[in-house]
Amino acid sequence: MNNINEIFAEKLKNAFGVRCKIKFNEPMASRTTFGVGGRADVLIEPEKETDLAEIIRLCNEHNVKFYVFGRGSNILVKDGGIRGVVVHLAGYWFERIVINGIEIECGTAARLKAIEGEAKKNGITGFEFLEGIPGTVGGALRMNAGAMGEEIFNIVKTFRLMDYSGKISEISAEEAGVKYRECEALKNAIALSAVLRGKIGEQEKISKKMEDFAEKRQSSQPKERSAGCVFKNPPGLSAGKLIDELGLKGRQIGEAMVSNEHGNFIVNIGGAKASDILALIDFIKNEVKQNKGISLETELEIIGEDL
Ligand code: EPU
């Protein structure tokens, strides 16, 4: 607990210690799909939305930074770890999935894989593109995650969010300020839940579509640890293809490597450090800028401190 002051830590323990899981000096590597990064001062798992609001209030009052985590599938935590509080959203309430006709109401920590499974079971089509995206609803909403030519906001009807003062509101997909891999409404707010809407479908056709998508993903994306695509696609182009054309696949710094399967993935081939991955990101950006005149922007969220 080296970087959080004692008074703040005591307050956290007193306020939440009974109901919520709290860990100090928590290693974050195992909490991200990349499998790299240092420790967080505090990791806390709120049980309810009111706990979440109270945690944010305490952090604000004590000037402590907080970061909201789901599955950690699009995040690179730096080697020096995180000074502040990681709020891990998980558990019964945040992971709930409720079917209501062709609508699925789900908590922010519900896994996309689980939602897609429920949709199939209940004969709801439109969710098949979620196949193989490793994140949660909250993470997907925050970055308008997509695959197979579709994106999450195509199936969002409404969603609830909490601003950094703890106030909860519900807005429609149209009001969210959505663009490619961007959601304006969630830049300074936390997604709490969403109502997703599909169409009535046939289970067999849904299964077939999911299998096709899974096959496409398996044949074109790596199996090693990664955080999905590192860069946003520049308008009208594929970042992976640009990187591939420059012959950068297989390029390695430390144990971070540009995937041989897909140029837009960096994989952790063993004991990569965040600094290896960051150096490789810079290297790729420079190569693409110099040789193609294009500035790549990261899709990956990079947080924490250098060592
Ligand atoms: N391509 C290459 N070489 C490569 C990679 C791709 O030539 O190394 C070519 C492909 O053959 C294809 C084109 O580039 O003709 C586009 O490739 P792909 O279908 O893989 O799509 P992408 O634009 O590279 C996007 C999403 C992925 C998603 C796939 C599948 C972004 C940044 N990426 O990739 O999402 O899984 O479509 O639909 O939008 C992610 O967001 O983390 C992610 C992995």
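For the structure itself, consult the block above.
Because the structure is a prediction, the values reported are computed rather than measured. Counting from 1, residues in each chain are numbered in the order their sequence is written. Restriction of local features to residues with pLDDT of at least 70 applies here, the model being predicted, together with a cutoff of 80 or more for giving and counting side-chain atom pairs; totals for whole chains, interfaces and linings are based on all residues. Note: side-chain values were computed over all heavy atoms of the structure, leaving out hydrogens and water.

Trainee: Please clarify how the overall build of the protein should be interpreted in this entry.
Mentor: The secondary structure content of the protein amounts to 7 helices and 20 strands. For the C-alpha atoms alone, the extent of the protein along its principal axes is close to 55 × 50 × 30 Å. Working definition: with a 1.4 Å probe on protein chains only, accessible area under 20% of the residue-type maximum means buried, over 50% means exposed, and in between means partly exposed. Taken over 307 residues, the protein has a buried fraction of 50%. Long-range contacts, defined as pairs at least 24 residues apart, comprise 65% of the intrachain contacts of the protein with a sequence gap of at least 6. Helix numbers and strand numbers start at the N terminus; a helix is a DSSP run of H or I with at least 4 residues, a strand a run of E with at least 2. Here, two residues are considered to be in contact whenever any of their heavy atoms come within 4.5 Å of each other.

Trainee: Help me understand the sheet that holds strand β12 (residues 168-172), please; the structure alone is not making it clear to me.
Mentor: Within a sheet, neighbouring strands are paired by backbone hydrogen bonds and run either parallel or antiparallel to one another. Taken together, the 5 strands give an open sheet; going across it, the order is β6-β7-β15-β11-β12, and neighbouring strands pair in antiparallel fashion. The open sheet has two free edges, formed respectively by β6 (97-100) and β12, since each of these has just one partner strand. Between one strand and the next, the sheet's axes are offset by a mean angle of 20°, whatever the strand orientation. Two strands qualify as a pair provided that DSSP identifies no fewer than 2 bridges between them. The pairing of β6 with strand β7 (residues 103-107) spans 4 bridges and is classified as antiparallel. Bridging from a neighbouring strand, N100 pairs with E103 of β7. Axis definition: a line fitted to C-alpha atoms, limited for helices to the stretch in contact. Angles are taken between N-to-C directions and run from 0 to 180 degrees. Set on the sheet, helix α2 (residues 49-61) makes contact with β11 (156-163), β12 and β15 (189-197); between it and β11 the angle comes to about 45°. Docked against the sheet, helix α3 (residues 112-121) engages β6, β7 and β15, running at close to 25° with respect to β6.

Trainee: Explanation requested: α2 in the structure shown.
Mentor: Think of an α-helix as turning once every 3.6 residues; residues three or four places apart then point the same way. Each residue after the first adds 1.5 Å to the expected span of a helix. Taking 1.5 Å as the rise per residue, α2 with 13 residues should run 18 Å; its terminal C-alpha atoms sit 18 Å apart, in good agreement. Along α2, the residues classified as buried are E49, D51, L52, A53, I55, I56, L58 and C59. The first or second residue beyond α2 is N63, which carries a positive phi of 60°.

Trainee: Any chance you could explain the sheet that holds strand β17 (residues 252-253) here in plain terms?
Mentor: With antiparallel pairing, 3 strands are arranged side by side in an open sheet as β17-β18-β19. Looking at the sheet topology across the chains shown, the edges are occupied by β17 and β19 (266-268). With 2 bridges joining them, β17 and strand β18 (residues 256-258) adopt antiparallel strand pairing. Bridge pairing in β18 places I253 opposite A256.

Trainee: Where do I start with the packing of helix α1 (residues 6-16) against α2 in this structure?
Mentor: Axes are the key here: two packed helices are described by the angle between their axes and the distance separating the axes. Where α1 meets α2, the axes come as close as 11 Å, and the angle between the chain directions of the two elements is 165°. What the angle tells us is that α1 and α2 run roughly antiparallel. Crossing of α1 over α2 shows right-handed handedness. Residue-level contacts link F8, K11, L12 and F16 of α1 to D51, E54, I55, L58, C59 and E61 of α2. For the contact of α1 with α2, the per-class residue count stands at 6 nonpolar, no polar and 4 charged. Angle categories: roughly parallel below 35 degrees, roughly antiparallel above 145, roughly perpendicular from 65 to 115, and oblique for all the rest. By convention the crossing between two helices is left-handed if the near helix lies anticlockwise of the far one by an angle smaller than a right angle, and right-handed if it lies clockwise. Side-chain classes are defined by residue name, with Ala, Val, Leu, Ile, Met, Phe, Trp, Tyr, Cys and Pro counting as nonpolar, Asp, Glu, Lys and Arg as charged, and the others, Gly among them, as polar.

Trainee: Looking at this structure, how should I read the site of the ligand?
Mentor: The environment of the ligand is made up of 22 residues, and the closest members are M148, Y180, C229, N233 and D244. Counting of polar contacts relies on pairs of N or O atoms within 3.5 Å, with two restrictions inside protein: one atom must be capable of donating a hydrogen and the other of accepting it, and residues adjacent in sequence are counted only when both atoms are side-chain atoms. Contacts to the ligand include Y180, whose side-chain N or O atom sits 2.8 Å from an oxygen atom. One of the side-chain N or O atoms of S238 is found 3.4 Å from an oxygen atom in the ligand. Per-residue and other accessible areas were derived by the Shrake-Rupley procedure at a 1.4 Å probe size, with only the shown protein chains allowed to occlude residues. If the ligand stood free it would expose 820 Å²; the protein chains cover 74% of that surface. For the shell around the ligand, the secondary structure elements donating two or more residues are β9 (146-147), α5 (203-220) and α6 (239-245). With 3 residues, the single largest contributor to the shell around the ligand is α6. Just so you know, the domain bounds were taken from an automatic or database domain assignment. Inspection of the shell around the ligand shows a minimum of three residues originating in each of domain 2 (93-206) and domain 3 (222-292). One heavy atom suffices: a residue is near a molecule or strand as soon as one of its heavy atoms comes within 4 Å of it.

Trainee: Can you help me understand the pairing of β7 in this one?
Mentor: Walk down a regular strand and you will see the side chains alternate between the two sheet faces. A large share of β7 lies buried, amounting to 4 of its 5 residues. Counting the residues that bridge the hairpin from β6 to β7 gives 2 residues, and of these G101 lies at a positive phi of roughly 65°.

Trainee: Teacher, can you tell me more about the environment of G198 here?
Mentor: Structurally, G198 can be placed in the loop between β15 and β16 (199-200). Overall, G198 belongs to the buried group, its relative accessible area being 10%. The spatial distance from the C-alpha of G198 to the C-alpha of G80 is 43 Å, given a sequence separation of 118 residues. Those residues in contact with G198 that sit more than four places away from it in its chain are I102, I124, T125 and F127.

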